[in-house]
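Letter by letter, the chains look like this.
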Amino acid sequence: MEKEMGGDDTPTTPAHGDATTISAVHPDILQTHILTRLDGPTLASAACASSQLHALSTQETLWQQICHRTWPSTADPRVRRLISSFPSGYRSFYSDSFQYLDGHRRSRPSRRPPPAYIISAVDIRYQNQLILSKVHVAETESDPSLPFRVDLLGPKEAAPMPVNLDIREDKCLSNLEENLTLSWILIDPTRTRAADVSSRRPVLVRRNWLANDVELRYATVLSGGELVQCLVAVTCGGGGTGLAVGEVRLDVEDMEGKKLGWKSLGAAVEGGRKRRGGKGEERERYEGWWREERERRQRKRRRENRRVTVLFVTPVVILLSVLLSVLVFVGIKFLQLLVSPFNG
C-alpha cells in the first residue's frame, strides 16, 4: 500500500537542547537517592565524571555510610574519633583499608618509634551476615622487635554462627572456606594510617580432631623491608551441629615461622602499596609466595651444602697434599741413601 503524499514515517530525534543530562537532575535527588546506593569503587568512579558529581561524591556523610556498611566496626566511637583525624576523613580511611597490602611491592622500613597503641577493627561475616564486629586496643611493646600478637576474644567469649553443620563432615570445611569472610584493619593513631592485613577468605582450612574444632587461616604476605606474613587464625567449634567462633588471633611471622614484632609490620601499615584482588586471587597469591619461599629455601640449602663441601674438602686436599709432599721428600731421601754406597 502506497503512502500518502506528504507522509513521513522517519523517527524523530529530540533536538540537542532537549537531551537529558546528569546536570539536569536535581542535586538533592542525586545525593539522597542515587549516590547513597553506590559502593566505594563506583562512587569514586562517579566523582571523575564531572565537576558536579565530584563535589557531591566527596561529601563526608556518603563515605561515612559506605565505611559503616563495609566495616560495621567503624561505627565504634573510638574508631570514629580516629577517622575524623585522617586527612580526608572517611574517604582517606576507605582508600587505605579497601585495598590489600601487596607484598610484591617493597616498602621502605620504618625508622619511627612504634605508636603507644594500635587499634584493630575486626568484622567477620557468614554469607554476608555479620556474626562478629569488635574493636580491640592493643598496647605496643617499648621494644618494637618483640613478638606482636592480638587475641580478639577472651577465654569464655564466642560468636554463634547462623548455620547447622557437623565439623566431622568434609562439606563443613568447604562451606566455611567459601562463606566465612574476614576483615582485620589495623589503625595507627599517631600516623593516621590504616591497612587491612587479612585476606578476605581463608587460605587454609584444617580440622583438629583432638580439639573437635576447625581452624581457618587468613593470611597476607607483606613487605616492610623484609617479607613477613600476617596470620589470622579463626577457630570454629561447638557441640552437636551448632557452630561458633571461639578464637580469633593475629600473629606476625617471617616466612620460616619466627614470631616478629611491630617493627616488621609498621612499615607496611604506614606506607605499603596496595592493590585489590579478585575472588580466589588471595589464596593463589599466598600459595605462590610459598612456592617461591620453598624454592628460595632449596637454593639456600644447596648453597650451604656446597659451602660445607668446600669447607670439608679443602682441608682434606691440603692434608693430602702435605702428606704427598712428605712422602715424596722421604722417598727421595731414601733413594739417595740407597744410591750413596755405590757412588762412594
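Since we're looking at a predicted model, the values are computed, not measured.

Definitions and cut-offs
- Residues numbered from 1 in each chain as written.
- Predicted model: local features only at pLDDT ≥ 70, side-chain atom pairs only at ≥ 80, totals over all residues.
- Heavy atoms only, no water.
- Helix = DSSP H or I, 4+ residues; strand = E, 2+ residues; numbered from the N terminus.
- Buried < 20%, exposed > 50% of the residue type's maximum accessible area, 1.4 Å probe, protein only.
- Contact = heavy atoms within 4.5 Å.
- Areas by Shrake-Rupley, 256 points an atom, 1.4 Å probe, with all protein chains shown as cover.
- UniProt positions renumbered as here; feature names shortened; annotations may be inferred.
- pLDDT = per-residue confidence, 0-100.
- Salt bridge = Lys/Arg side-chain N within 4 Å of Asp/Glu carboxyl O.
- Polar contact = N/O pair within 3.5 Å; in protein donor to acceptor, adjacent residues only side chain to side chain.

Novice: Mind showing me how you'd approach the overall build of the chain here?
Specialist: Broken down by element type, the chain carries nine helices and 12 strands. The burial tally for the chain puts 41% of its 344 residues in the buried class. Pairs at least 24 residues apart make up 64% of the contacts formed inside the chain by residues separated by at least 6 positions. By element, 55% of the accessible surface of the chain is carried by carbon and sulfur atoms, the whole surface being about 20,300 Å².

Novice: Just checking my understanding: could you explain the UniProt feature "transmembrane region" (unreviewed entry) in the chain for this structure?
Specialist: The positions UniProt marks with the feature "transmembrane region" (unreviewed entry) are residues 308-332. In residues 308-332, the share of helix is 100% and the share of strand is 0%. The end C-alpha atoms are 36 Å apart.

Novice: It is not clear to me how the confidence of the model for the chain should be interpreted in this structure. Could you clarify?
Specialist: Regions with low pLDDT should not have their predicted coordinates read in detail. For the chain, the average pLDDT comes to 78, and 76% of its residues sit at 70 or higher. Taken element by element, the chain is modelled with least confidence in strand β12 (residues 274-275), mean pLDDT 53, and with most confidence in helix α5 (residues 77-83), mean pLDDT 95. In this model residues 1-14 is a low-confidence stretch, pLDDT under 50, and it forms one contact with partners more than four residues away in sequence or in other chains.

Novice: Would you mind going over the pattern of salt bridges with me for this structure?
Specialist: Charged atoms that come close allow side chains of opposite charge to pair. Enumeration over the complete set of coordinates arrives at 15 salt bridges. Put simply, aspartate 188 and arginine 191 hold a salt bridge, and the shortest N to O gap is 2.7 Å. For the pair aspartate 188 and arginine 191, one class covers both residues: buried. One salt bridge connects aspartate 251 with lysine 259, and the closest N-O pair in it is separated by 3.9 Å. Residue classification places aspartate 251 among the buried residues on the basis of a relative accessible area of 7%. One continuous salt-bridge network, built from bridges that share partners, spans Arg149, Asp151, Arg206, Glu215, Arg217, Glu247, Arg249, Asp251, Glu253 and Lys259.

Novice: What's the story with the environment of serine 73 in this structure? I'm lost.
Specialist: Inspection of the secondary structure assignment puts serine 73 in the loop between α4 (60-70) and α5. Residue serine 73 is classed as buried on the basis of its relative accessible area of 3%. Along the backbone, serine 73 and leucine 132 are 59 residues apart, and their C-alpha atoms lie at a distance of 9.1 Å. Setting aside its immediate chain neighbours within four residues, serine 73 contacts Val79, Ala121, Val122, Asp123, Ser133, Lys134 and Val135. At 2.7 Å, the side chain of serine 73 forms a polar contact with the side chain of aspartate 123.

Novice: In this structure, what is going on with the side chain of aspartate 123? I would like to understand it.
Specialist: Among the secondary structure elements, aspartate 123 is positioned in strand β2 (residues 117-126). Once residues within four sequence positions are removed from consideration, aspartate 123 is found in contact with Trp71, Pro72, Ser73, Leu130, Leu132, Ser133, Thr181, Leu182 and Ser183.

Novice: In this structure, what is going on with the side chain of aspartate 96? I would like to understand it.
Specialist: Within the secondary structure, aspartate 96 sits in helix α6 (residues 90-98). Judged by its relative accessible area of 9%, aspartate 96 is buried. For aspartate 96, the side chain forms a polar contact with the main-chain nitrogen of alanine 194, separated by 3.3 Å.

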